[in-house]
Each structure stands twice: as structure tokens, then as C-alpha cells.
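Here is what each chain is made of, one letter per residue.
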Amino acid sequence: STSHPRRMSTVAMVAPALAAAGAAQARPSYPASRLPRRPGVAPARLRRAASSAGPSRISASAADDAIPEPAGGSEGTDESTSTARIPTYHLHEECDSFDVIVVGAGHAGCEAALAASRRGARTLLLTLSLDRIAWQPCNPAVGGPAKSQLVHEVDALGGEIGKMADKCYLQKRVLNASRGPAVWALRAQTDKWEYSREMRARLEREPLLSLREGMATELIVGDNDDVRGVRTFFGMTFTAPAVVLTTGTFMSGQIWVGRKTLAAGRAGEAPSVGLTENLVDLGFETDRLKTGTPARVDSRTIDYTNLEEQLGDEDPRWFSFDESCHVERPQMACHLTRTTKETHQLIKDNLHETPTYGGWVGAKGPRYCPSIEDKIVRFADKESHQIFLEPEGRTCPEVYVQGFSTGLPERLQLALLRTLPGLENVKMLRPAYAVEYDFLPAYQCDSSLETKKIAGLFFSGQINGTTGYEEAAAQGLVAGANAAAVAFGNASVAPRLILPREGSYLGTLIDDLCTKDLREPYRMLTSRSEYRLVLRSDNADARLTPIGRRCGLVNDERWVAFEEKRNRADVELGRLRETRVKSDGALVAAAIAVTAAETDTATKKPSRDSFTLEELLRRPHVDYALLSKHGEAPASEMSRWERESVETRVKYAGFIKRQEAQVAKVMGKMSKPIPENVDYASITTLRMEAREKLAKMRPTTVGQASRIGGVTPADVSSLLVHLEVGARKVTRADARAAAKAERKELAEQEREAREALDVQSAETPSR
């Protein structure tokens, strides 16, 4: 940059202003040692960049040097509270060439961009509106059954959605608390405006991440069917060897309110046009899906007098395993009302006015989040349905009417709202609407979310047919991490993030998407996982943080904290196994009494002279509180959540061991790889339907093949036999080739020996 006088003058003019700003307000600093990046990734990227792009790429150290230190040094700077924003690019750089481009800044896009940049990739996040980053256009809530497990897993891999929810929550509750820990589900109502602001600030603190407003309309594809970048509506071209599409509901989005329609991705925002046509031209299959959102009403016009109040948990739980993010804040109440006969009758009388029942929208909507008219029609025997009134922010009067989405005309919506108890005089601030949009069935992606047709192109979020912020964020992290791996091009330096179905809800989600030809919005459910007991929220970090570390997604500070936590748990489990207490002691008597009282059984005398603490803790209704009361408390540095996790491991040890054995058994057979060049049409032992489905979906493992609709267990057995026979043929062919090569080598050695003897004989003088 110093060789260019114009750039020198620009930097010279800006430098004093930056220095003055740094003196007036502390900026967070980013020393290289604190960059959350796997060691060794950046040098490989820089070597590649130096040979291909010259000075247009920026190194991690250069990014650090370009950010001024805060006044007084870096100590005492609070990154979470600082209002200073760091420029996401530098004046001396070319701003059109990147390692990874992410299109869309919803929940999938934000996680994708952060994951790619954490791995050391220079990343561009391209969005239609910088004012709607990580926006929550439907219910401003995070978590719920199965969704909370996804959030915990994303956090364990270094993601942000859990931290944002912990920081911006209005209320927290644990669902299914009366059941076992495998299905406990944390749910947080969040402040949608604060959430968006905080996520944007987090993106702007990432040194290798650039934000840009623009509409991507075309993919740039090379001669080898590899992506080279994107082109925007206004003609800008941005290049990168990896592109992640996270378009949400914006691709050819169409909003419906009754018979009225408007081209929009969501209320007040224009759709993305041109990209669908470009993808179709590239050979991708597209389809349409539908979702909707209810009206927003004015809290000041609701009569809460007779409504059931729903308070948050007094002792809130947390999504993030990073305890520095655990800061309690005042909680707000939600309220419960119900539909009435008048509600049902008004809907029945006007079903013909809705897009779905009127017949002018045929796209499938979410099965597990139906509109109020769907509930009335499908559950006609129900006299009433629950409706939740949930605040959308701390400083605004808007209330989200959960469970009341509708496609009725706006002129009928207010009358419909006023049939609900407590809302007789309510004022509507925003009408409900349905939105129809393009998606690409995710069987066109592999388990890394890279498309099978175009190398370096990834799909993530609602473009894959999912619904929900949590599902989108989870896919985004995987796609972004793998996009960075493609950009680096060296699997030993930047391995791909591939999560098996048996090891996480995230793996289950991606496996379902890639192996099932889904034609309705996909929502994660606990019932979708066969191994729920070993995929709990409390052990998400134990399962996934080491994987995230190997992939460069978990920084040093987080890794040290994880190892310390794991060591504390191991020490505590050892203490529980080794510490014995006498059966005539107070602790054993209390444990037996508690179990008898809670299970309504007679108190029995101990059958042994002593018990280990592990054996006592395994008994029903015996917990750490009882152990602590009798002087057997764990180490003081163990948090409540760590104690709870250890207690779960002890109580369910037998079940967990059994399920772990099932997982190992299944993985032994189902993880068998399927060669890419298998000709399914030639496997005559497969049924015709199975051949067609397998040829279309192209599974990579036997397990994936077994989960494809239309493939029976008999088909899987036939496929296994075919693979085994093929492997034997290959083995025999390899053996024959090796024997032939060995014979050839011996013959060559003999020939060379004879030639050497002939030469020696010719040189020896005759007598």
C-alpha cells in the first residue's frame, strides 16, 4: 500500500481520525494469540494467497496490526460492552476477492460467516439489508424441544446463537422438566431488536469478516463446474473459491394476506430475484414452500386481568457452556389465552378467503406449526386451542400472538383477534401474513452441505427446506466451516466438519436433509434421533468441542476451560466410585428413606456393610443436595451445571452404556462407504424403486442408503452383498496385479543379470 501515493494520502488523512477515536473511546484489541483459529491454518492460506492473489489478501497478523490498541493497553477492555465498531475491511485492500462468500445474513448466514472467518478465511457476508441482520421475523424465541439441543451443539462447536440468546433473553423456561434429562428443552423468549444489534456488533468485531449490502443474482461458475464467486443485481462481481447460499424465504418470495399478494421475502423487505433462475440453469431442482407469521398487537390494549400468567424459571439455565456469558437479567411474563366458539365460527365462515383453502397457494406449510385455520379444520373436535401472548422486546409494546398465524384478509384479522379473551379491545400493529418462497431439496447436497453439482457451492438454512432459527444456525456453522476447508484446499490443514448421525442432533438433521426427498418444511424433533439418551444437552460439549477444536472452530481460551471442566468431572466421578460410607451412617439412612418416601415403598435395611457414593447417587431421588447435607459435597469449583451433568451420568450409566453399545454396533455396519461410481441400475437384486431412489440420492454410506424412502431392509442387504462381492473382486484383481508386477520385476532382474554376465564375458580375455 505504501507504493501507491493515492492510497498513502488516504491512509494519512484517516490515521489521525482513527487515533483520536481510539483515544476518546476504547476499542477492543485483537492480538494474534487470541484469534479463534486453528494453529497452522493461516500460514497455509497465506502461502496460497501469496502465489495466487498477491497483495489483495490480508494476513491475520496484518489484520491485528491494522486495529489500533485501546487507550491504556488491552487490559480492562470489555468486548461485550464496548460500543466501538471495528472496520470490517481496510482502506488499502482490494475488496472484491475473498476466500468465502456468504449470501444472506440470517441465522444461517451469520453462523456460516463467523465459522469461516474463525478458521482463518477472509469472508464476505452479503445481505439485502444491514439493518436486518439475524432478524427474527416470526417468533422471537430460541430453543424448545430438540431445538435447544441444536443450540447447545452449535455453542459446543464455537457458534454464537446460544451466547446471543443468553445475552438478549426476556424470559427463560425449561420445557419437559418433569421428564428425563434427554428431553429437557430450554426455551428463551428474546428481544428481537437487541438480538439483531448484538449479532451485528459481533460480526463487526470479527477481523477477517466484511459486511456488504447487495443482492446476489448470479453465481460465477468455472469450466470444471466449480464456483468462482457471485454477481450482484447492480453488476458488482465478488470472487471466492467457496460460496454459501443462505437465502431464507427471500428467493422469489411472495407474501399473501387473503387474496392480496406482494413480492417480498418478509414484511417490508424486497425479495431476491434472479438467483432461482440461475440455479435452475445450472441444473438444480427447485420447489416452493410456505410459512406464515401471526399478527402483532399492542400490549397496552390487552386486558391481562383474567389471563393466565406464565413466569420464567426463577433459576434460569443457559444455552452456552461459556460461563462468562451467564449474566442474569430481569424476566418478563408471558400470558395464556384460548380460542372461543366465536373464533372458530369466524374462521369456518371465511375459509374461502385464505390462500390455502381458497386454492391460489399450493405450497406446503409447516406440519408442526400450523395456521389457526389448519387447527380448526384438522382438529374439529377441539373446542379450544391455546394462544400465547409473548413480548417482542423490553422497550416496545409489540406482542407476538403465538399459535394464531393466519392467511385471512387484513379486514377480518382484527375481528378475529377480538374474539380472544383479554383481547376484546386490542389494537393490531402488524397484520398476519403467509409467505411462499423457493427452496432446493437438500438431497442435492452431501453431508458437508456442499452441492453435488457445483464444487465449492454450499446451501444452508431454509433454502434446504428447514424451518426454524436453530436448524438454520446449525446448518450455517457446518456449511461455513466446510466452505473455509474448500478455500484452503488442504484437508490435512483444514479438515472438513462431517458429523455422523449417531453423534449429534446436528448430524441427524443433516443426514435427514441429505437422504430424504423432503417436500414440506423440516423441523427438528427429539423423536427424529434414535440415540437421544447419549445426545443430551449437558454433554454436547463433551461430544463436539474436541471436534470443533480439531477443525479450528474453538479458540484457546474456550479449549482450556473445556479441558478444566472435563478434568473436574473425571476427578469427581473417581471420588464417587472410591469413597465408601458405612451402612449404619446417617447418609445411607437418609438415602434409603428418601427413596422409600418418593416411591411409596417400605423402608428396608441395608443389605451390605458399606456403599460407594456412586451407588447412593444412582438411587432414585437421591441427589447432590443430599450428599452435601451429610458432608459429601463435591469440589467447590464445580458449578451447578457440572454437578448436574455428573449426576445424570451416574444415574443413567446402565442405559447410556447400553445405547453406546448400540451406536457402536450400528456404526460398524452402517458406516460402510459406498463408492461414488456404483451403477445401481446394474444391481439386479435391487427392486426397481430402490435403484431409482439410490441413483437419485447417491448416498455415501450404507446407513444413508437405509434411510432413503423406498429402500427396504431387503434392498440394503442386497446392496451390502453387492459391495462385499465387489470388494472381493477388487481384492482378487489387486492380488493378481501385484503378482503380475512381481513376476515382471523378477524377469527384469534376471534379464539385467544375464546382460551383466554377457558384458563380463566379453571383457574377459581368452586364454
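The text that follows walks through the structure, step by step, so that each part is easy to find. (Residues numbered from 1 in each chain as written. Predicted model: local features only at pLDDT ≥ 70, side-chain atom pairs only at ≥ 80, totals over all residues. Heavy atoms only, no water.)

**Description of a nonpolar patch on the surface**
Thinking step 1. A cluster of nonpolar residues, F233, F234 and V273, forms a patch on the protein surface that exposes about 380 Å² of accessible area.
Thinking step 2. Positionally, F233 belongs in the loop between β8 (227-232) and β9 (237-239). (Patch = residues over 30% accessible without salt bridge, like charges linked within 9 Å, V, L, I, M, F, W, Y side chains within 5 Å. Areas by Shrake-Rupley, 256 points an atom, 1.4 Å probe, with all protein chains shown as cover. Salt bridge = Lys/Arg side-chain N within 4 Å of Asp/Glu carboxyl O. Helix = DSSP H or I, 4+ residues; strand = E, 2+ residues; numbered from the N terminus.)

**Some details on the sheet that holds strand β6 (residues 209-213)**
Thinking step 1. Spatially, five strands are ordered β6-β2-β1-β10-β21 in an open sheet, and the strand pairing comes out parallel. In this open sheet, the two edge strands, each paired with only one partner strand, are β6 and β21 (457-459). Going from strand to strand, the sheet's axes swing by 20° on average, the running direction of each strand aside.
Thinking step 2. By the bridge criterion, three bridges tie strand β10 (residues 242-245) to β21 in an arrangement that is parallel. In the strand pairing of β21, V244 is matched with F458.
Thinking step 3. Each of β1 (100-103), β10 and β21 is contacted by helix α13 (residues 469-488), which is oriented at about 175° to β21, the strand it contacts most. (Pairing = 2+ DSSP bridges. Axes fitted to C-alpha atoms, helices over the stretch in contact; angles between N-to-C directions. Contact = heavy atoms within 4.5 Å.)

**Brief notes about the pattern of salt bridges**
Here the idea is simple: oppositely charged side chains can pair when their charged atoms come close.
Thinking step 1. Using the criterion set out here, one finds 48 salt bridges in the structure.
Thinking step 2. Residue R519 pairs with E285 through a salt bridge whose shortest N-O separation is 2.7 Å. On the criterion of sequence distance, the pair formed by R519 in the loop between α14 (505-515) and α15 (540-550) and E285 in the loop between α8 (275-281) and β13 (287-293) is long-range, its members being 234 residues apart.
Thinking step 3. R519 gets classed as partly exposed once you look at its relative accessible area, which sits at 28%.
Thinking step 4. Since its relative accessible area comes to 26%, E285 is described here as partly exposed.
Thinking step 5. Shared partners join several salt bridges into a network, and the residues in it are E285, D287, D517, R519 and K696. (Buried < 20%, exposed > 50% of the residue type's maximum accessible area, 1.4 Å probe, protein only.)

**Overview of the sheet that holds strand β7 (residues 216-221)**
Thinking step 1. Taken in spatial order, the three strands line up as β7-β8-β9 in an open sheet, and their pairing is antiparallel. Each having just a single partner strand, β7 and β9 make up the two edges of the open sheet. On average, adjacent strands in this sheet sit at an angle of 25° to one another, irrespective of strand direction.
Thinking step 2. Where β7 meets β8, five bridges bridge the pair, whose relative direction is antiparallel. Pairing of V221 across the sheet is with V227, part of β8.

**Brief notes about unusual backbone geometry**
Thinking step 1. A positive phi angle is found at S252, which is not glycine, with a value near 55°.
Thinking step 2. Note that S252 resides in the loop between β10 and β11 (254-257).
Thinking step 3. Backbone geometry places R698, a non-glycine residue, at a positive phi of 50°.
Thinking step 4. For R698, the position within the fold is in the loop between α22 (688-697) and α23 (702-706).

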